[in-house]
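The lines below spell out each chain.
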Amino acid sequence: MGEGVFFVLAAVVWFFFRKRIAAYQVFLITQKFKVLPARDKAEQVRGMELLGTFFCVLLFVAGLLLMALHAKLG
């Protein structure tokens, strides 16, 4: 049950800080590592933010599924 709670809490924290995380990821990718050209930072941040939202949903659903399975099997 602890893993499920951790996943849900991680998803909630990630959701609240997703804009800062996305901006920092774009900064790292474009400035520090120079992997992607810095064309339109607003679009890149929005894309990373969408990816972060997907990650939040995935973590949240996985956490709920783990808690439900633990309750049913335990």
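Structural notes, computed from the coordinates. Everything quoted here is computed from the prediction, not taken from an experiment.

What counts and what doesn't
Residues numbered from 1 in each chain as written. Predicted model: local features only at pLDDT ≥ 70, side-chain atom pairs only at ≥ 80, totals over all residues. Heavy atoms only, no water. Phe/Tyr/Trp six-rings, centres within 6.5 Å; stacked < 30°, edge-to-face > 60°. Lys NZ or Arg CZ within 6 Å of the ring centre and 35° of its normal. Patch = residues over 30% accessible without salt bridge, like charges linked within 9 Å, V, L, I, M, F, W, Y side chains within 5 Å. Areas by Shrake-Rupley, 256 points an atom, 1.4 Å probe, with all protein chains shown as cover. Salt bridge = Lys/Arg side-chain N within 4 Å of Asp/Glu carboxyl O. Helix = DSSP H or I, 4+ residues; strand = E, 2+ residues; numbered from the N terminus.

1. With respect to the packing of aromatic side chains
For step 1, the next point in the chain: For the structure on display, the rule yields 4 aromatic pairs.
For step 2, the next point in the chain: For the cation-ring pair, Arg-18 lies above Phe-15, with the distance from its terminal atom to the ring centre recorded as 4.2 Å.

2. A look at a nonpolar patch on the surface
For step 1, the next point in the chain: Taken together, the side chains of Val-12, Val-13, Phe-15, Phe-16, Phe-17, Phe-60 and Leu-64 define a hydrophobic patch exposed on the protein surface, amounting to about 650 Å² of accessible area.
For step 2, the next point in the chain: Mapped by element, the contributors of at least two residues to the nonpolar patch are α1 (2–16) and α3 (41–73).
For step 3, the next point in the chain: The element that contributes the greatest number of residues to the nonpolar patch is α1, accounting for 4 residues.
For step 4, the next point in the chain: Note on placement: Phe-16 falls in helix α1.

3. Description of the environment of Val-57
For step 1, the next point in the chain: Turning to its location among the elements, Val-57 is positioned in helix α3.
For step 2, the next point in the chain: When the C-alpha atoms of Val-57 and Ala-11 are compared, they prove to be 7.1 Å apart, with 46 residues separating the residues in sequence.

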